[in-house]
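Residues per chain are reported as follows:
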Amino acid sequence: MEFTHINEQGRAKMVDVSEKADTCRIGVASGRIAMKPETFEMVTQQKMKKGDVLAVAQVAGVMAAKKTWDLIPMCHPLLLTGVDLHFTLYPEVSEIEAVASVKTTGKTGIEMEALHAVSVALLTIYDMCKAVDRGMVIRDILLLEKDGGKSGHYVR
């Protein structure tokens, strides 16, 4: 078995993608945060002292996608052509789902950017609500779809 991210000295390296063709690439990821009903109500009615929780989480998710390469050691810096997050509210279970869609035209995949966007958006929700609910649970962060490149189209 040949490892792609290990050099001849057995140390980590970033893969050389310079010979790969540029293709349109998309990544879509999702995750959820569960909270107390009272916390959920404060978020949806914009009563958190730190401000509009979902607006701040939206911006945090976009910023995270842009900085993925800076925090995940083997990720390449990518010129993102689009980043968007959508939040779905589930009042019956006091949960918020975040879905991030990320696009680029480039030589390497964009899945990590989508996953990172969702993770940071959910962490931002946690941060903005932790004063009233430290028992929140972030869960089910996963890749929903990716397209582009040699491995083709994937849909969960």
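Given the structure is predicted, the values throughout are model-derived calculations rather than measurements.

Q: Outline the overall build of the protein, listing residues and values.
A: In terms of helices and strands, the protein carries three helices and five strands. Secondary structure of the protein in N-to-C order comes out as β-α-α-β-β-α-β-β. Over its C-alpha atoms, taken along the principal directions, the protein stretches across nearly 55 × 30 × 25 Å. Taking all 156 residues of the protein together, 38% fall into the buried category. Partitioning the contacts of the protein with sequence separation of at least 6, the portion at a separation of at least 24 is 70%. Carbon and sulfur atoms provide 57% of the accessible area of the protein, an area that totals close to 9200 Å². Both charge centroids of the protein, one from 19 positive and one from 20 negative side chains, sit 4 Å from each other.

Q: Mind laying out unusual backbone geometry, listing which residues take part and the relevant values?
A: Here Gln-46, not a glycine, exhibits a phi torsion of approximately 55 degrees, which is positive. Looking at where Gln-46 falls in the secondary structure, it is placed in the loop between helix H1 (37–44) and helix H2 (53–71). On the accessibility criterion, Gln-46 (52% relative accessible area) is exposed. With a phi close to 55 degrees, Ser-94 is a non-glycine residue in the positive phi region. As for its placement among the helices and strands, Ser-94 is situated in the loop between strand S2 (80–90) and strand S3 (95–106).

Q: Could you give an account of the nonpolar core, naming the residues involved and the relevant values?
A: Within the largest apolar cluster, 29 residues are counted, with the highest numbers of intra-cluster contacts made by Met-35, Val-43, Phe-87, Ile-96 and Ile-125. At the level of elements, strand S1 (23–34), H1, H2, S2, S3 and helix H3 (111–129) are the ones that each hand at least two residues to this core. Broken down by element, this core gets its largest block of residues, nine residues, from H3. Once residues within four sequence positions are removed from consideration, Ile-125 is found in contact with Ile-33, Met-35, Val-53, Leu-54, Ala-57, Phe-87 and Ile-96.

Q: Quick rundown of the sheet that holds strand S5 (residues 154–155)? Include the residues and the values.
A: Overall, antiparallel pairing links the five strands, which are arranged S2-S3-S1-S4-S5 in an open sheet. Unpaired on one side and paired on the other, S2 and S5 mark the two borders of the sheet. Packed onto the sheet, H2 meets S2 and S3 and runs at close to 145 degrees relative to S2. Against the sheet, H3 engages S1, S2, S3 and strand S4 (137–147), with an angle of about 25 degrees to S1.

Q: Summarise H3; cite the residues concerned and give the values.
A: Here H3 is 19 residues long and its end C-alpha atoms lie 28 Å apart, about the 27 Å a rise of 1.5 Å per residue gives. Along H3, the residues classified as buried are Glu-113, Ala-114, Leu-115, His-116, Ala-117, Val-118, Ala-121, Leu-122, Thr-124, Ile-125, Met-128 and Cys-129. Where H3 is buried, its residues contact S1, H1, H2, S2, S3 and S4.

Q: Before we move on, could you go through the layout of surface pockets and cite the residues and values that matter?
A: Counted as a void, the largest pocket has a volume near 330 Å³. Forming the walls of the largest pocket are 19 residues, and the residues nearest its centre are Lys-20, His-76, Thr-108, Gly-109 and Glu-111. A per-element tally of the lining of the largest pocket places H3 first, with three residues. Across the lining of the largest pocket, the residue classes tally to six nonpolar, seven polar and six charged.

Q: Can you tell me about the pairing of S2, naming the residues and giving the values?
A: The pairing of S2 with S3 spans ten bridges and is classified as antiparallel. Each residue of the ladder has a partner; that of Leu-85, found in S3, is Ala-100. Counting the residues that bridge the hairpin from S2 to S3 gives four residues, and of these Ser-94 lies at a positive phi of roughly 55 degrees.

Calculation rules
- Residues numbered from 1 in each chain as written.
- Predicted model: local features only at pLDDT ≥ 70, side-chain atom pairs only at ≥ 80, totals over all residues.
- Heavy atoms only, no water.
- Helix = DSSP H or I, 4+ residues; strand = E, 2+ residues; numbered from the N terminus.
- Buried < 20%, exposed > 50% of the residue type's maximum accessible area, 1.4 Å probe, protein only.
- Contact = heavy atoms within 4.5 Å.
- Areas by Shrake-Rupley, 256 points an atom, 1.4 Å probe, with all protein chains shown as cover.
- Lys, Arg positive; Asp, Glu negative; His and termini not counted.
- Charge placed at Lys NZ, Arg CZ, Asp CG, Glu CD.
- Core = buried A, V, L, I, M, F, W, Y, C linked by side-chain atoms within 4.5 Å.
- Pairing = 2+ DSSP bridges.
- Axes fitted to C-alpha atoms, helices over the stretch in contact; angles between N-to-C directions.
- Expected span 1.5 Å × (residues − 1).
- 1 Å grid on protein atoms, 1.4 Å probe; cavity = no way out; pocket = protein on both sides within 12 Å on 5 of 7 lines; lining within 4 Å.
- Points joined across faces, edges and corners; volume = space filled by probe spheres on them.
- Nonpolar A, V, L, I, M, F, W, Y, C, P; charged D, E, K, R; others polar.

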